[in-house]
Amino acid sequence: MAAARVILHIDLDCFYCQVEQKRLGIPASVPVGVQQWQGLIAVNYAARAAGISRHMRVQEAKQHCPDLKTVHVQTLGGSDGNGEEYGTANRDKSTEKACLERYRRASVQIISLLHSIAEKAVIEKASIDEVYIDVSALVDQELQERAAADAHGPRRAGLRDGTEGLHGFAWGSVVVGGPLDEGSECDQRLACGAAIACRLRGAVREQLGFTCSAGIAGNKLLAKIASAMNKPNQQTLVPSRAVPGLMSDLPLKKLRNFGGKLGIELEALGCTTAGEVAQHPQAALEARFGLQRAAWMLQAVNGISDEPVQVREKVKSMLAAKSFDAPTSDLAAIKRWFRVLGEELSDRMLNDYSEHHRHPRTLTLSYRGGGNGYSTDRSKAGPMPRFGKEGPTIDAIAEAAMTLFQKATETLPCTRLAISAHDFTPAALTEQQGAITKFFGGPAATSSAGVAGDIPQSTPSSSKGSQPSAFSLEEVDIERQRRILQDIRVQQAFASRGPDAAPDSISVHPGAISHPVDPQKCLPSKLQSHSAGTALMHNASNKRKRLDSPRKQPTLTSLFGRSKK
Ligand code: TTP
Ligand code: MG
């Protein structure tokens, strides 16, 4: 029989708040909310402790908690650049659009780090701040290593001799339903998974400054329930024997896929918890939802799921959109909006390029207009300006979008505009290997190959004397590539505004470089010394040198001790 699976669900704590607090150096103890226009879309744990919740209006929240600091999400199209500071005062929804790129970048960093540490694990990105990780293969390996070590040396605490027990191994976890069972192979595997979760969380905290919570269980459904049980900055393990007790009182809204319409339908049948659905007559569920759906529901409410953890495919398209409160027929305003949308799309394309080395070939315009109820989206597609002579500059994208708009029918008055990039194809080898220096008139400039060999000749960087030395895109890490590509954007912007433009008038996307941060600042103060997860982090910080390289990550053995003396 196959060994039991071990699945982790990792979810960042108050994610948008942590990203903003790290960026602005705001300690975790300060109540913070991230706002989009006048509503809060994320609140940190200090704010939650003061009674603030997501979706409160900012004004109401500030009345409730005068100390609350609010940070507006980045916006594009405003007069004050990218909303670098708290900048909540001058946001204008009619001229600006929200941009979540900052959070997407942090998400990419976190997932890349997890991949680099848990190379053998299958990692599925579930949303911007959560992943499922199937660590079964890692657990197999770690347990084999321990068994081999046991065979050649004194027996150790943590697995079989009972001195420390499994709790020594699952150290740092809250175990649902009491202590682990020393004799259970499943519990041994989960305990090993818990140690891996601890290590991953420690690295995210140590290297990126973010805290997260984790659930450790035998399937995705239970792991997700568990990760939310003891937030922030903790991890929760669900042994199989605790499942019936856990599910019996679990509110349906905490069970994935049971919110929304299905939750309302089940509530109408008198069921508000998973246990109540499990107790409901099966025939009645089958009559109401059909045989297949009822069977799936019954499995889920009993905590049973065999859904695999799957690596998600790369996104097939990316979109930037803006809905207008009032219909507009102002072509100059529409042109301006295409620039704003072009800025967002261009930024995402550059990030995607640096991560996946691919370019989209198609630009699609979607719009809602024509005054006919404004309800239907229409679209028109055309070629994406190439990352070549014209480059995917904001101007080029905006111009291409405007051309599509002018060719389209029933566009005015317009209530919504969106542009999207599709048909991704691998960037040509020449593009990947081209020497960046040729952008800047360096020694490689005479080569015919290269990503931006055709970037405008007017780029003034060659006269600035501070260009990077020659290297290919393949030789630098992803973050560096991104920065280089951003530099190119700055150079382009500079060039397009003429040599007299002041450098600080150029719009540069923030967030390219992570600022050093004291990891302690990201923890609520009450957790700074007591959390077991933090204890690991202290432990890990003593091992900072070993954490420097992903290949030198501490193994379970190094974290938990090889043998009992
Ligand atoms: P969540 O993980 O649901 O929330 P969170 O990370 O802020 O807090 P928790 O510690 O409870 O996990 O969502 C991740 C981010 O997604 C959140 O920081 C903001 C954003 N978000 C929205 O913009 N709107 C929403 O309705 C939700 C649920 C999240
Ligand atoms: Mg979260």
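Relevant structure appears above.
Criteria and thresholds
- Each residue is numbered by its place in its chain's sequence as written, counting from 1.
- Naming scheme: in the order in which they are written, chains are lettered from A and ligands are numbered from 1.
- In view of the model being predicted, local features appear only for residues whose pLDDT reaches at least 70, and side-chain atom pairs are presented and counted only at 80 or more, with totals across whole chains, interfaces and linings using the full set of residues.
- Hydrogen atoms and water are omitted, and side-chain values are computed over all heavy atoms in the structure.
- Going along the chain from the N terminus, every DSSP run of H or I of four or more residues is numbered as a helix, and every run of E of two or more is numbered as a strand.
- Residues are treated as being in contact if the distance between any of their heavy atoms lies within 4.5 Å.
- The pairing criterion for strands is at least two bridges between them, as found by DSSP.
- The angle between two axes is taken between their N-to-C directions and runs from 0 to 180 degrees, where each axis is a line fitted to C-alpha atoms and a helix contributes only its stretch in contact.
- For Na, K and Ca the donor cutoff is 3.2 Å, while for all other metals N, O and S atoms count as donors only within 2.8 Å; water does not appear among the atoms, so some sites may look incomplete.
- Here a site with four donors is tetrahedral if all angles are between 85 and 135 degrees, and a site with four or six donors is square planar or octahedral if opposite donors are over 155 degrees apart and the other angles are between 65 and 115; anything else gets the irregular label.
- Partly exposed residues are those whose accessible area sits between 20% and 50% of the maximum for their type, while under 20% is buried and over 50% is exposed, using a 1.4 Å probe and protein chains only.
- Within this document, salt bridges are pairs made up of a side-chain nitrogen of Lys or Arg and a carboxyl oxygen of Asp or Glu, the two lying within 4 Å of each other.
- Nonpolar cores are built from buried Ala, Val, Leu, Ile, Met, Phe, Trp, Tyr and Cys residues. Side-chain atoms within 4.5 Å join them into one set.

A count of helical and extended segments in the chain gives 20 helices and 15 strands. Long-range contacts, defined as pairs at least 24 residues apart, comprise 66% of the intrachain contacts of the chain with a sequence gap of at least 6.

Attention shifts here to the sheet that holds strand 14 (residues 378-383). By way of backbone hydrogen bonds, the strands of a sheet pair with one another, either parallel or antiparallel. The strand order across the open sheet built from four strands is 12-15-13-14, with neighbouring strands paired in antiparallel fashion. Whereas interior strands pair on both sides, the edge strands pair on one side only; in this sheet they are strand 12 (318-328) and strand 14. Pairwise comparison of adjacent strand axes, ignoring direction, gives a mean angle of 20° for this sheet. Helix 15 (residues 394-407) rests against strand 13 (358-369), strand 14 and strand 15 (414-426) of the sheet, and its axis sits at about 45° to strand 13.

Another aspect to go through is the coordination of the magnesium ion (ligand 2). Coordination sphere of the magnesium ion (ligand 2), protein contribution only: D11 (OD), L12 (O) and D129 (OD), at 2.0 to 2.3 Å. Its six donor atoms give the magnesium ion (ligand 2) angles of 74 to 178° at the centre, a pattern that matches the octahedral case. Binding-site remark: the magnesium ion (ligand 2) is held by donors from one chain whose sequence spacing is D-L-x116-D. Taken together, the residues span a long stretch of sequence, with D11 in strand 1 (residues 7-12) and D129 in the loop between strand 7 (122-127) and strand 8 (130-134) at a distance of 118 residues. For D11, a relative accessible area of 14% corresponds to the buried category. With a relative accessible area of 15%, D129 lands in the buried category.

Under the defined criterion, the tally for this structure stands at 24 salt bridges. Two residues, E142 and R199, come together in a salt bridge whose shortest N-O distance is 2.8 Å. Of this pair, E142 sits in helix 5 (residues 136-152) while R199 is found in helix 7 (residues 185-208), placing the two residues 57 residues apart along the sequence. Across the pair, R199 and E142 agree in class, each one buried. With a shortest N-O distance of 3.4 Å, E410 and R378 are connected by a salt bridge. Here E410, found in the loop between helix 15 and strand 15, pairs with R378, found in strand 14; they are 32 residues apart in sequence, far enough to count as distant.

Now for the nonpolar core. Among the nonpolar cores identified, the biggest contains 51 residues, and I133, V135 and L200 are the most heavily contacted of them. Listing elements by their share of this core, those giving two or more residues are strand 1, helix 1 (15-24), strand 2 (32-36), helix 4 (101-117), strand 8, helix 5, helix 7 and strand 10 (212-217). Of all the elements, helix 7 adds the most residues to this core, at 10 residues. Contact partners of V135, with chain neighbours within four places excluded, come to V6, L8, A121, G193 and I196.

Next up on the list: the sheet that holds strand 11 (residues 235-237). Read across the open sheet, the six strands follow the order 7-8-1-10-11-9; overall the sheet is mixed. Both outer strands of the open sheet, strand 7 and strand 9 (173-175), are each paired with one neighbouring strand and no more. Across the sheet, the mean angle separating the axes of adjacent strands is 20° when strand polarity is ignored. Relative to strand 8, strand 7 is paired through five bridges, and the arrangement is antiparallel. From the neighbouring strand, V122 faces strand 8, where its bridge partner is D134. Across the sheet, helix 7 is in contact with strand 1, strand 8, strand 9, strand 10 and strand 11; its angle to strand 10 comes to roughly 165°.

Moving on to unusual backbone geometry. Cis geometry is found at the peptide bond from K231 to P232, where omega equals -5°. Assignment of secondary structure puts P232 in the loop between helix 8 (220-227) and strand 11. Across the junction of L412 and P413, the peptide omega takes the value -10°, indicating a cis bond. Positive phi, close to 30°, is recorded for C14, a residue that is not glycine. In this structure, C14 sits in the loop between strand 1 and helix 1. Within the chain, W37 stands out as a residue other than glycine whose phi angle is a positive 55°. Mapped onto the fold, W37 is located in the loop between strand 2 and strand 3 (39-43).

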